[in-house]
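Breakdown of the fold
Here is what each chain is made of, one letter per residue.
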Protein chains: 2
Amino acid sequence: MINKLVDKIKKTNAPIVVGLDPMMSYVPKQITEKAFQDFGETLEGVAEAIWQYNKGIIDATYDLIPAVKPQIAMYEQFGIPGMTAFDKTVKYAKEKDLVVIGDVKRGDIGSTSAAYATAHLGKVQVGSKTYSLFDEDFATVNPYLGTDGIKPFVDVCKDEKKGLFILVKTSNPSSGEFQDRLIEGRPLYEWVGEQVAKWGEDHMGDDYSYIGAVVGATYPEMGKVLRKIMPKSYILVPGYGAQGGTAEGLRPYFNEDGLGAIVNSSRGIICAYQQEKYAGFGAENYADASRQAVLDMIEDIQSIF
Amino acid sequence: MINKLVDKIKKTNAPIVVGLDPMMSYVPKQITEKAFQDFGETLEGVAEAIWQYNKGIIDATYDLIPAVKPQIAMYEQFGIPGMTAFDKTVKYAKEKDLVVIGDVKRGDIGSTSAAYATAHLGKVQVGSKTYSLFDEDFATVNPYLGTDGIKPFVDVCKDEKKGLFILVKTSNPSSGEFQDRLIEGRPLYEWVGEQVAKWGEDHMGDDYSYIGAVVGATYPEMGKVLRKIMPKSYILVPGYGAQGGTAEGLRPYFNEDGLGAIVNSSRGIICAYQQEKYAGFGAENYADASRQAVLDMIEDIQSIF
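Starting from 1, residues in each chain are numbered consecutively following that chain's sequence as written. In the order they appear in the text, chains get letters beginning with A and ligands get numbers beginning with 1. Given that the model is predicted, a residue must reach a pLDDT of at least 70 before its local features are reported, and side-chain atom pairs must reach 80 or more before they are shown or counted; all residues, however, enter totals for whole chains, interfaces and linings. By convention in this description, side-chain values take in all heavy atoms of the structure and omit both hydrogens and water.

**Examining a negative patch on the surface**
Think of a patch as exposed residues, more than 30% relative accessible area, with no salt bridge, where like charges cluster within 9 Å and nonpolar side chains (Val, Leu, Ile, Met, Phe, Trp, Tyr) cluster within 5 Å. Residue exposure ignores everything except the shown protein chains as possible cover, and the areas themselves are Shrake-Rupley values with a 1.4 Å probe. A pair is scored as a salt bridge if a Lys or Arg side-chain nitrogen falls within 4 Å of a carboxyl oxygen belonging to Asp or Glu. Neither His nor the chain ends is counted toward charge; the positive residues are Lys and Arg and the negative residues Asp and Glu. For the purpose of locating charges, the reference atoms are NZ of Lys, CZ of Arg, CG of Asp and CD of Glu. On the surface, a cluster of negative charge is contributed by A:Asp7, A:Asp206, A:Asp207, A:Glu256 and A:Asp257. Mapping A:Asp257 onto the fold places it in the loop between strand S11 (235-237) and strand S12 (261-265). Secondary structure follows DSSP: runs of H or I at least 4 residues long count as helices, runs of E at least 2 residues long count as strands, and numbering of each begins at the N terminus.

Set out below in structure tokens:
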């Protein structure tokens, strides 16, 4: 799957991923109204609205981009119907041949991580039958529990040829509270980065490892160091746009080959129509606004090479 | 909810929580066969089996214990039907007046943590209506992202009078890989523990804070230090029994008042019938075996006071 991701990035010339993180306030009124008409003001109604909204964005952008990254929390907050919308979104994106990064940030002790890995990347045995579950291509994982919390994910990735992005340095303002603390003179995130590189050696694709890292766009100096520590790990870079990361700041996250990083934008793409710049599209044409925002983001990022 | 938890611990004289972490291999054959008969070898069939299995354990133990802790990964691995079984289990346990600790170990940047907090502890607005979602009483949370990943959970906890257990020192063998690393001469878990105490000051119950910590039973020396660092935080202690923690080792996790800690056992209780000690019950009476295992665990833990 890392090979597919790299191939698609090369073909689209777009090292970007669209974050499908729907909030109700992002969904255009005509979609919500229709869904509430059909399902009432229920969780099923919201789930339908979110799904239709996502479908519109996927349909309008799938030929331009290599991947989408649904943030599961935004679905989980609508309970079981929300999880069903997540499931439909993942399956639909895969039908459109997009690589799907499940932004689930799971992580636990060994046996529990194994269950999460099954849920998001693997298959489960039920009597004589086998089922795929949420079946994303990649999942994000939290490293706080150390190797035995990560290894079950890596094992499932090997079986399924899937991958991980492990949190190293996150994009949020207080990420430094623990991640930047110095251990033998070097910040914790560097130690985590070193482990990511080590975990990744064990599951290599053609040029890059199946085991990547999350490093926020908001900390380019740290991105530069981490790029060197994990030369074979793809870096998933959140925090571009709405969170304050800029295109110039992204250069250090890429290798000399122009590869090695994939930049996420969520709000900046999926509710582009709410920005002044794309207001001309109107809520009716929100998906076209998202397409234009993708084109602009690609141009912006290509400007750094 | 922390007051309710403390009250129930006092009333039952049982500072224990039963971990409802069902694996298919734990579920007695008669339950699985019946479920597969009704639903086929499907995810719905597994979900039904898990739910019936949990219901039996809850019915047999709810009068002895203050709380249950379903581990969501064990349900998530069976997809949407699995999540539905989780949901039913939580609701049923609450009907039986048990405190429910959702072992979800979520944690993300601010806006995403807010969505997780809504999902597990809060309510969501849908048009003019308000819905509860998974609606546990407590949730476990991962601290790697720092304060702005925790604060949205605390905010929802304040609104809903609910609580958290934040991972400080986990029970797994490689937990020390990052958690034990020294920062200014003190391990990371102590720094996290200090923050837990600080976050907790902001949301106090009568004697204890709504914001607790997870500290594994497998590290009693560390438990002793953390008890002092977080005097007002309830400590959720996994790792007793199957993971190797012993009753004598548990004393340091409690305060002088005999309170301040709640010890989890999962496998040791829920599949007691598979242990030699309780084999006499037979698979048919698995729930009675679980009841006996709870009684034995209570006696074992009371022996340390």
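Read on for the rest.
**Thoughts on the sheet that holds strand S1 (residues 16-20) of chain A**
Each strand in a sheet pairs with its neighbour through backbone hydrogen bonds, running either in the same direction (parallel) or in the opposite one (antiparallel). Residues and elements named next belong to chain A. Reading around the barrel, the 8 strands line up as S1-S2-S3-S6-S7-S10-S11-S12 and close back on themselves, with parallel pairing between neighbours. Each adjacent strand pair in this sheet contributes to an overall mean axis angle of 30°, direction not counted. Only strands that DSSP links by at least two bridges are regarded as paired with each other. Pairing geometry for strand S2 (residues 67-70) and strand S3 (residues 99-106), over 2 bridges, is parallel. Among the inter-strand pairings, Val-68 is bridged to a residue of S3, identified as Val-100. Across the sheet, helix H6 (residues 110-121) touches S3, strand S6 (138-141) and strand S7 (163-169), and the angle it forms with S3 is around 155°. In this analysis, axes come from line fits to C-alpha atoms, helices being fitted only over the stretch in contact, and the angle between any two N-to-C directions falls in the range 0 to 180 degrees. Note on contacts: a residue pair qualifies if any of its non-hydrogen atoms lie within 4.5 Å across the two residues.

**What about the pairing of S6(A)?**
All names here are of chain A. Accessibility here uses a 1.4 Å probe with only protein chains present; expressed as a share of the type maximum, an area under 20% marks a residue as buried, one over 50% as exposed, and anything in between as partly exposed. Neither face of S6 is left uncovered, since the one carrying Phe-138 and Thr-140 and the one carrying Ala-139 and Val-141 both have all their residues buried. Across 3 bridges, the pairing between S3 and S6 is parallel. Across the sheet, residue Ile-101 finds its bridge partner in S6, namely Phe-138. For the crossover from S6 across helix H7 (residues 147-160) to S7, the handedness is right-handed. Looking down the strands as they point away from the viewer, one classifies a crossover as right-handed if the path from the first strand across the helix to the second runs clockwise.

**Details of the packing of helix H2 (residues 29-39) of chain A against helix H3 (residues 43-61) of chain A**
Residue and element names in this part refer to chain A. Viewed as axis vectors pointing N to C, H2 and H3 meet at an angle of 140°, and their least axial separation amounts to 8 Å. In terms of their interaxial angle, H2 and H3 are classed as oblique. Of the two possible hands of crossing, H2 and H3 adopt the one that is right-handed. Facing Ile-31, Thr-32, Ala-35, Phe-36 and Phe-39 of H2, the residues of H3 in contact are Glu-44, Gly-45, Val-46, Glu-48, Ala-49, Gln-52 and Tyr-53. Just so you know the grouping, Ala, Val, Leu, Ile, Met, Phe, Trp, Tyr, Cys and Pro go in nonpolar, Asp, Glu, Lys and Arg go in charged, and all remaining residues, Gly too, go in polar. Per-class residue counts for the contact of H2 with H3 are 7 nonpolar, 3 polar and 2 charged. Orientation labels follow simple angle bins: below 35 degrees gives roughly parallel, above 145 gives roughly antiparallel, 65 to 115 gives roughly perpendicular, and whatever is left gives oblique. Each helix crossing is assigned a hand: it is left-handed if the near helix lies turned anticlockwise from the far helix by less than a right angle, otherwise right-handed if that turn is clockwise.

**Some words on the side chain of A:His203**
Residues and elements named next belong to chain A. Topologically, His-203 is positioned in the loop between helix H9 (188-201) and strand S10 (211-215). The class of His-203 is buried, set by a relative accessible area of 9%. Here Lys-162 takes part through its backbone oxygen, which lies 3.3 Å from a polar atom of the side chain of His-203. The contact partners of His-203, leaving out residues within four places of it in the chain, are Val-154, Cys-157, Lys-158, Lys-162, Ser-209, Tyr-210 and Ile-211. Any N or O atom pair separated by 3.5 Å or less is treated as a polar contact, with the protein-specific requirement of one donor-capable and one acceptor-capable atom, and with residues adjacent in sequence counted only for side-chain atom pairs.

**Here's the deal with the packing of helix H5 (residues 79-95) of chain A against helix H5 (residues 79-95) of chain B**
At a minimum axis distance of 10 Å, the contact between H5(A) and H5(B) shows a crossing angle of 165°. It follows that H5(A) is roughly antiparallel to H5(B) by the angle criterion. Our pair here, H5(A) against H5(B), has a crossing hand that is right-handed. From H5(A), A:Ile80, A:Met83 and A:Thr84 reach across to H5(B), where they touch B:Ile80, B:Met83 and B:Thr84. Of the residues belonging to the contact of H5(A) with H5(B), the class tally is 4 nonpolar, 2 polar and no charged.

**Section: H9(A)**
It helps to recall that an α-helix has 3.6 residues per turn; residues three or four apart then point in one direction. Residues and elements named next belong to chain A. Here H9 contains 14 residues, and its C-alpha end-to-end distance of 20 Å stays within 8% of the 20 Å for a straight helix at 1.5 Å per residue. Across the 14 residues that make up H9, a large majority, 11, are buried. Looking at H9, one finds that the buried residues are Leu-188, Tyr-189, Glu-190, Trp-191, Val-192, Gly-193, Gln-195, Val-196, Ala-197, Trp-199 and Gly-200. A helix's residues, less one, multiplied by 1.5 Å, set its expected span.

**Some remarks on the relation of the copies chain A and chain B**
When chain A is fitted onto chain B, the two copies agree to an RMSD of 0.0 Å after a turn of 180° and an axial shift of 0.0 Å. Between the two chains, the operation in question is that of a two-fold axis. Looking at the rotation axis and the C-alpha trace of chain A, the residue lying nearest is A:Ile183, at 2.7 Å. An overlap of 100% is found between the interface residues of chain A and their copies at the interface of chain B, pointing to a shared contact surface. Residues below a pLDDT of 70 in either copy are left out; the C-alpha atoms of the rest, at least 70 in both, set the least-squares superposition of the copies.

**Re the packing of aromatic side chains**
Pairs were defined over the aromatic rings of Phe, Tyr and Trp, the Trp ring being its six-membered one, requiring ring centres within 6.5 Å. Orientation was assigned from the angle between planes: stacked under 30 degrees, edge-to-face over 60, tilted for the rest. Per the stated rule, a full pass over the model turns up 16 aromatic pairs over all chains. With 4.9 Å between their ring centres and 70° between their planes, A:Tyr208 and A:Tyr234 make a pair best called edge-to-face. Pair noted here: A:Tyr208 is in the loop between H9 and S10 and A:Tyr234 is in the loop between helix H10 (220-229) and S11, with a separation of 26 residues, a long-range link. Residue A:Tyr208 is classed as buried on the basis of its relative accessible area, which comes to 3%. With relative accessibility at 0%, the residue A:Tyr234 sits in the buried group. Taken together, a centroid distance of 4.9 Å and an interplanar angle of 85° make the contact between A:Phe254 and A:Phe305 edge-to-face. Remark: A:Phe305 occurs in the segment after helix H12 (286-302) and A:Phe254 occurs in the loop between S11 and S12; sequence separation between them is 51 residues. Residue A:Phe305 is classed as partly exposed on the basis of its relative accessible area, which comes to 46%. Among the aromatic residues, ring-to-ring pairing joins A:Tyr53, A:Tyr273 and A:Tyr286 into one connected group. Whether a charge lies above a ring is judged from NZ of Lys or CZ of Arg, which has to be within 6 Å of the ring centre and within 35 degrees of the ring normal. One Lys or Arg, B:Arg181, reaches over the ring of A:Trp191 and ends 4.0 Å from the middle of that ring. Just above the ring of B:Trp191 sits the side chain of B:Arg186; from NZ or CZ to the centre is 4.8 Å.

**A closer look at the pattern of salt bridges**
Scanning the entire structure with this criterion turns up 46 salt bridges over all chains. One salt bridge in this structure joins A:Asp97 and A:Lys8, with 3.5 Å as the shortest N-O distance. Taken as a pair, A:Asp97 in the loop between H5 and S3 and A:Lys8 in helix H1 (residues 2-12) lie far apart in primary sequence, 89 residues in all. Owing to a relative accessible area of 15%, A:Lys8 belongs among the buried residues under this scheme. A salt bridge links B:Lys34 to B:Asp38; the shortest N-O distance between them is 2.7 Å. Separated by 4 residues within a single helix, B:Lys34 and B:Asp38 lie in helix H2 (residues 29-39), roughly one turn from each other. The partly exposed category is assigned to B:Asp38, whose relative accessible area is 44%. Salt bridges sharing partners connect three or more residues here, namely A:Lys69, A:Asp103, A:Lys105 and B:Asp108.

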